[in-house]
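The chain contents come next:
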Amino acid sequence: MSDEAPVDTDDAAVPEKLPVLPLKSTVVFPRIFIPLSVGRRRSLKLLEDLPPGDRYIAVAAQLDETAEEVAFDDLHHIGAMVRVQHMLKLPDGTVQLAVLGVRRIKLSSAVSDEPYLTANIEAHPEVVDQQPSIEREALVRRAISSFQQLVALAPQLPAELASAAGAIDEPVHLAYYIANHIRLTTDERQHLLEMDSPREKLEKLLGHMAHELEVLELGRKIQSQAEESMGKAQREYFLREQLKAIQRELGELDGDQAELSELRERITKAGLPPEAQREADREISRLERIPSASPESSVIRTYLDLMVSLPWNTSTGGEVDVAKARAILDDDHYDLDKVKQRIVEHLAVRQLRQDRGATERGREPILCFVGPPGVGKTSLGHSIARAMGRKFARASLGGVHDEAEIRGHRRTYIGAMPGRIIQAIRRAESNDPVFMLDEVDKIGADWRGDPSSALLEVLDPEQNKDFRDNYLDVPFDLSKVMFITTANTLDTIPPALRDRMEVLNLSGYTEVEKVHIARRFLIPKQLAAHGLRPDEVTMADDAIRLIVREYTREAGVRNLEREIASVMRRAVADIAVGKKIRKAVDVRRVRAALGKRRHFDDVAERIDRPGVATGLVWTPTGGEIIFVEAALTPGRGELKLTGQLGDVMKESAAAALSYLKSHARDLGIELSQFKNDIHVHVPAGAQPKEGPSAGLTVLTAMASILTGRPARDDIAMTGEITLRGRVLPIGGVKEKVLGAHRAGIRRVILPKRNEADLDDIPPDLRRQIEFVMVESIDEVLKQALSRDDVPAKASTNGTNGESGAASVPQPVAEPAPGSLRARRARSSRPAARVRPFRGD
């Protein structure tokens, strides 16, 4: 026979049905007084309909705590019958209740849902031990003792609860009293309500209290240890450490711990080199020991994020196809055969090494493209990357003064970041991209360091395999990267840096080449940019040639593209207003769109008197012609130089005057002429000018004014002179010849020792220009000065038989367009736009 039987713990009768008040996140136990807040429409209606006097209702917890409208099936069916003790309406429309649990009940079935839920109920008493026993008394005492310890440790529990619990000797009442005050979830409270045995209820509560006591004891221990080394400024740190310790004991991870775990996993998967792996492990260990609110924490996180995101082992360059690579280069760029051949040779070497299973890693070339603006240096880098099947990265170095831009900042500084090299490698997501360093000739230097010195390590194949960025502070292998630099001139690049690069010169384009480039690349690009179809607008070669001659004067094609875009915009504007236009764009339509011609050929008009000679100069934007003027003025035989000339150019002028004085008798110059002052001026005085290659032109201008013989208007010259009368070689031959051709010059005097440089000049241009190769100043003067018996403007025969100079005679075979009259109509760069020229 069992010692336990169901016994009611309250004398109030249980009615057959009661209105039901659904509860969110709350469980009401019998004999427990508890406040409730009511705000839902149906619940408020229920309270309004309660009769005065003893007001009984049923309460039950919702299955879904977020639901607003609930039905009978949405409730736990074990609940409590409660008596409403107090009821207070608040201004916001809600009602505060104070209820007392009467007895445990069971909701058997629903009666109605409106205006509020009403259900049939029945008493559901707990099973109570009818006879006192030592086991029950021990269980009660143990529960009271554990609860009193909990009250003593938990600051949120008032001390009065411990004495009140000691006065309860009935197991069911004690269980509900303890459950109402300790930390339990709604599901745990509901489960406790549904348990029938008081002994099981108390045993369950003892387990919960033991866990809570353990957590509180651990917290007190942590607090005791932390307070020994903690001041007032460390209170926040202590609280976070306390929370971490509790979560570790509970087997839980907060957001910071989860992030650290994820970061460790990323470090493991990144495949870092040994040194980088050790540094990452050391930094993440530091990160675990410092609070997340510390500024150092964000610095370490940023550093580790960079380290795991770098492509330590990710490469994109796969199988090499030399033929395909050459086809891509040809499709993207016209001419530039030297550069294309160099890339193809490099790919061929890689392919052969792969085919023969070579294990030693080959070096990537470090190329430097040097040439005037607009010749395609930067776009060629994109094409090379596509041909090699690699990612493309680019960094512009123009105007960079800080070494940290290249090598990065040390992490001790606020706002430190890696240098441009590492940042670009990270964005490329590959450790073997084609990396273009633009405008390497325009790097500056100041008190913050010299960026070009930092580039020495980057561009040295012997060192860049262990490149160490100041921010990263571990070696990163750059030996797989193909570096390409671009520059307009080599003069401003330090010799040590220039020595590390393989220089490839990209000269300006000839007129024929520009027409081809416009036809193949520029016009299709502008048609697409302006929304035009290829069958709507076409441009004749004569129209393109007109733009090149009369509206642009450049080595590249950048301005040519702008002018073509202007013509396209005019066509689009006509189409937009419904105007019918012809498909072909001819010379007339070009002039209508671009206006008056902007460049004129003034060579013959300028050289109409003695004392003027035409020279050739090299500038960062390509070759150009320049006029040197000389005049005799009464004075004391002094040499006056104007036009913002550099020291080297002034010395060349002094050498020219000394030569003319020493050979005056041979040249037919009266010695009395040297008693006058000689004034040499180079127009475009706002532009600085430098270099020895103008010496030949200065001497010719002086000889012309001293002999009274005008220089020929169809000849331009360049060369360095000596006091012995020798003509020395100079640089930039191709650019200077292209500049002469653009200005309408068809005869060029060059030093004999520059004859090999003629191979770089396009064949079609060599057929249009006669080159006179000279070794001495006497040969130059015989070719450049008009004969005494022939008027200057008639000296256009182009012969060089008298001089005996080595030449490449290629007479002009053009019809009317090659005549002097046609040359006068061609454009030339005005003297006011002559730029500084150097590089000889």
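For the structure, check the block above.
All of the points below concern the structure found in this document. Just so it is clear, the model here is predicted, and its values are computed rather than measured.

Reading the values: the criteria
- Residues numbered from 1 in each chain as written.
- Predicted model: local features only at pLDDT ≥ 70, side-chain atom pairs only at ≥ 80, totals over all residues.
- Heavy atoms only, no water.
- Buried < 20%, exposed > 50% of the residue type's maximum accessible area, 1.4 Å probe, protein only.
- Helix = DSSP H or I, 4+ residues; strand = E, 2+ residues; numbered from the N terminus.
- Arc of directions from axis to C-beta.
- Contact = heavy atoms within 4.5 Å.
- Axes fitted to C-alpha atoms, helices over the stretch in contact; angles between N-to-C directions.
- Parallel < 35°, antiparallel > 145°, perpendicular 65-115°, else oblique.
- Nonpolar A, V, L, I, M, F, W, Y, C, P; charged D, E, K, R; others polar.
- Core = buried A, V, L, I, M, F, W, Y, C linked by side-chain atoms within 4.5 Å.
- Pairing = 2+ DSSP bridges.
- Phe/Tyr/Trp six-rings, centres within 6.5 Å; stacked < 30°, edge-to-face > 60°.
- Lys NZ or Arg CZ within 6 Å of the ring centre and 35° of its normal.

It is worth spelling out helix α21 (residues 587-594) at this point. Every buried residue belonging to α21 is among Arg589, Val590, Ala593 and Leu594, and all of these are buried. Down the axis of α21, the sector holding all buried residues measures 115 degrees, keeping them to one side. Summarising the contacts, the buried residues of α21 are in contact with β16 (538-539), α19 (541-551), α20 (558-576) and β17 (584-585). Downstream of α21 by one or two residues, Gly595 has phi in the positive range, about 85 degrees.

Bringing the packing of α20 against α21 into the picture now. Running from amino to carboxyl end, α20 crosses α21 at an angle of 95 degrees, the nearest separation of the two axes being 9 Å. The pairing of α20 with α21 is recorded here as roughly perpendicular in orientation. Counting all contacts with α20, which are made through Glu563, Ser566, Val567, Arg570 and Ala571, the residues of α21 involved are Arg589, Ala592, Ala593 and Leu594. A per-class count over the contact of α20 with α21 returns five nonpolar, one polar and three charged.

The next subject is the nonpolar core. If you look at the biggest cluster of nonpolar residues, it comprises 61 residues, and the most contacted ones within it are Leu660, Leu699, Met702, Val748, Ile749 and Phe771. If you tally residues by element for this core, the top one is helix α25 (residues 695-707), at eight residues.

Once that is clear, we can look at the sheet that holds strand β15 (residues 502-505). If you trace the five strands from one edge of the open sheet to the other, you get β10-β11-β14-β9-β15, paired in parallel fashion. The open sheet has two edge strands, β10 (392-396) and β15, and neither has a second partner. Direction aside, neighbouring strands of the sheet carry axes that sit 20 degrees apart on average. As judged from the four bridges shared by strand β9 (residues 367-370) and β15, these two strands associate in the parallel manner. Opposite Cys368, over in β15, you have Val503 as the bridge partner. Contacts between helix α13 (residues 377-388) and the sheet are confined to β9, β10, β11 (434-438) and β14 (482-487), with β11 contributing the most and set at about 175 degrees to the helix. Relative to the sheet, helix α15 (residues 420-428) contacts β10 and β11, its axis offset from that of β11 by approximately 140 degrees.

Our next topic: the side chain of His741. Turning to its location among the elements, His741 is positioned in helix α26 (residues 733-742). Apart from residues no more than four positions distant in its own chain, His741 is found in contact with Glu511, Arg746, Leu765, Gln768 and Ile769.

Here we come to the packing of aromatic side chains. Here the structure, examined in full by the defined rule, presents five aromatic pairs. For the pair Phe147 and Tyr177, a centre-to-centre distance of 6.1 Å together with 70 degrees between the ring planes defines the contact as edge-to-face. With a gap of 30 residues between them, Phe147 in helix α2 (residues 134-153) and Tyr177 in helix α4 (residues 171-181) connect regions that are remote in the sequence. A residue is classified by how much of its surface remains accessible, and Phe147, at 0% relative accessible area, is buried. Note on Phe435 and Phe483: the rings are 5.5 Å apart at their centroids and 35 degrees apart in plane angle, and the pair reads as tilted. Placement of the pair is Phe435 in strand β11 and Phe483 in strand β14, with a sequence separation of 48 residues. Relative accessible area serves as the criterion here: at 0%, Phe435 is assigned to the buried category. Judged by its relative accessible area of 0%, Phe483 is buried. The residue whose ring lies beneath Arg411 is Tyr303, and the NZ or CZ to ring-centre distance is 3.7 Å.

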